[in-house]
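Structural overview for review
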Amino acid sequence: MLRYAFTPRRVAAGVAVALALSLSPALAHSAPGEAPRYLLVTGTGSSNISVLRVDGNGALTQVPGAPFASDTGSLTLEITPDGRRVYTGHVVSGSIIGYDFGADGSMHEIAGSRIDFGAPVIGVTITPDGSRLFATVGSLTTEVRSFDITASGVLVPTGAPATPVPGMSGLSLPQVTPDGRNLIVSTFIGATVTSYAINADASLTQVGPTMATGERPALPAITPNGRYLYISNEGSATLSGYVIAPDGSLSNAPGSPYPTGATPHGSAITSDGTRMYVPASSGGQVDGFRIGADGALSPLPGSPYPAPGGTIPGRVVLSADEDELWVIDSLTVNGTARVHTYNVAADGSVAPSDLPAVDTGVVFHDGPSAHLSPAR
């Protein structure tokens, strides 16, 4: 399975490294007098992290010193809820590193934060209260490990036993539900998704059955109200939709799976949970969906929306006022990934803005690794 992570042609065809905006809720632009917000984007092929300042009109500019160095294969990135720290996981170096994230967009490695696993770190996710980090570690098979985030930002094992992910998991991606009660884990090889209750000691207990997905599921996304889960199936060009019960167990949403363009990847969901945008990487488009009251998806007006020529769109990120949608290259003829700005209309349709594309300086952006920082 890791061949997808490190063979660009295969990834171009499948944008394989299955991989979230574990979507944070949309975040507003910086207004005069407000602390600035930043878009962070990692490079799986270039071992670095781009930090782009968000201006009031949605324009992006690289901050001084960026992109900042990271370990090899930066596949996953998470920001703590207070916006002060960043943690990255690495599939090649097999490590997690923590960074202090400055109000000016600067990044500095936290002394003693680095953990080396000797195996690929696939995904990391942080609880809504910022107290714990869960990571999926392994190659063909993976397990979930848990860490307390100390006041200094260093990660300390919780002492809870590692939880094996069922079957030939490979590139398993975790995501904590918005209420912090459940951890949901997808498996790229096994084509499944499983929900676990998070116990007080950070141990995990499976709730409900393991559910089937489409082929090569990647990048699970949960609506902000925690009611619905959607997974991009790269191999079958569909989205699997699930209803999340109060105990965290999963059932199929009405009409699931939903067709998309070829190779759906890293999606964005609006803060009110009524719309969803999904880049179709090898399809060269962005699909837009309305999320029904029952979780069913239907196309937005004008969907699909064409992506820029010469690019493979891998991820989309919404601004909190939902006036802009940023479309991030996974691979591109330009070599380094760029961010393209689209305007969002009142009916949810999107169209390219007049703003120029911005170079991130990273190569092969992939995985749940593009996020906006919260207000500070």
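What this report covers is the structure whose coordinates are included nearby. (Residues numbered from 1 in each chain as written. Predicted model: local features only at pLDDT ≥ 70, side-chain atom pairs only at ≥ 80, totals over all residues. Heavy atoms only, no water.)

Moving on to the overall build of the protein chain. Scanning the protein chain from N- to C-terminus turns up 2 helices and 35 strands. Referenced to the eigenvectors of the C-alpha coordinate spread, the extents of the protein chain come out at roughly 50 × 50 × 40 Å. Taken over 376 residues, the protein chain has a buried fraction of 61%. Just so you have it, the protein chain exposes about 12400 Å², and 55% of that area is on carbon and sulfur atoms. Side-chain charges of the protein chain comprise 18 positive and 29 negative groups, with the mean position of each set lying 4 Å from the other. (Helix = DSSP H or I, 4+ residues; strand = E, 2+ residues; numbered from the N terminus. Buried < 20%, exposed > 50% of the residue type's maximum accessible area, 1.4 Å probe, protein only. Areas by Shrake-Rupley, 256 points an atom, 1.4 Å probe, with all protein chains shown as cover. Lys, Arg positive; Asp, Glu negative; His and termini not counted. Charge placed at Lys NZ, Arg CZ, Asp CG, Glu CD.)

Here we take up a nonpolar patch on the surface. Where nonpolar side chains cluster on the molecular surface, the patch consists of Leu 140, Met 168 and Ile 189 and spans about 250 Å² of accessible area. Within the fold, Met 168 resides in the loop between strand S14 (163-164) and strand S15 (173-176). (Patch = residues over 30% accessible without salt bridge, like charges linked within 9 Å, V, L, I, M, F, W, Y side chains within 5 Å. Salt bridge = Lys/Arg side-chain N within 4 Å of Asp/Glu carboxyl O.)

With that settled, the discussion passes to the environment of Val 51. Position of Val 51 among the secondary structure elements: in strand S2 (residues 48-54). For Val 51, a relative accessible area of 0% translates into the label buried. For Val 51 and Arg 37, which are 14 residues apart along the polypeptide, the C-alpha to C-alpha distance reads 9.9 Å. Setting aside chain neighbours within four positions, we find Val 51 in contact with Tyr 38, Leu 39, Leu 40, Thr 61, Gln 62, Val 63, Ala 66, Phe 68, Phe 101, Gly 105 and Met 107. (Contact = heavy atoms within 4.5 Å.)

Our next topic: the side chain of Ser 106. Mapped onto the elements, Ser 106 comes out in the loop between strand S7 (95-101) and strand S8 (107-109). In terms of polar contacts, Ser 106 uses its side chain to reach the side chain of Asp 104, at 2.7 Å. The contact partners of Ser 106, leaving out residues within four places of it in the chain, are Phe 68, Asp 100 and Phe 101. (Polar contact = N/O pair within 3.5 Å; in protein donor to acceptor, adjacent residues only side chain to side chain.)

Each regular strand displays side chains that alternate between the two surfaces of the sheet. Burial of strand S17 (residues 192-198) is extensive: 7 of the 7 residues sit out of reach of the surface. Because side chains alternate across S17, one face comprises the buried residues Thr 192, Thr 194, Tyr 196 and Ile 198, and the other comprises Val 193, Ser 195 and Ala 197, equally buried. By the bridge criterion, 6 bridges tie strand S16 (residues 182-187) to S17 in an arrangement that is antiparallel. The residue of S17 that forms the bridge with Ser 186 is Val 193. Between S16 and S17, which pair antiparallel and follow one another directly, the connecting turn spans 4 residues, one of which, Ala 191, has a positive phi of 60°. Sheet topology note: the S17/strand S19 (residues 211-212) ladder contains 2 bridges and is antiparallel. Each bridged residue has a counterpart across the sheet, and for Val 193 the counterpart in S19 is Met 211. Note that S17 and strand S18 (residues 204-206) share 3 bridges and pair antiparallel. Its bridge partner lying in S18, Tyr 196 is registered against Gln 206. (Pairing = 2+ DSSP bridges.)

We now examine unusual backbone geometry. Peptide bonds are, in most cases, trans, and in most cases residues other than glycine have a negative phi. Each neighbour pair has its own omega, and for Ser 256 with Pro 257 the value is 5°, a cis peptide bond. Topologically, Pro 257 is positioned in the loop between strand S23 (250-252) and strand S24 (258-259). In this structure, Pro 304 follows Ser 303 across a cis peptide bond, with omega equal to 5°. Mapping Pro 304 onto the fold places it in the loop between strand S28 (297-299) and strand S29 (305-306). Notably, Ala 202 is not glycine yet its phi reads approximately 80°, a positive angle. Summarising the element assignment, Ala 202 is placed in the loop between S17 and S18. Classification of Ala 202 by relative accessible area gives buried; the value is 3%. With phi around 50°, Arg 216 is a residue other than glycine that occupies positive phi space. The topology assignment puts Arg 216 in the loop between S19 and strand S20 (217-222). Take Arg 216: its relative accessible area is 22%, and that puts it in the partly exposed class.

Remember that the coordinates give geometry; whether it matters functionally is a separate question.
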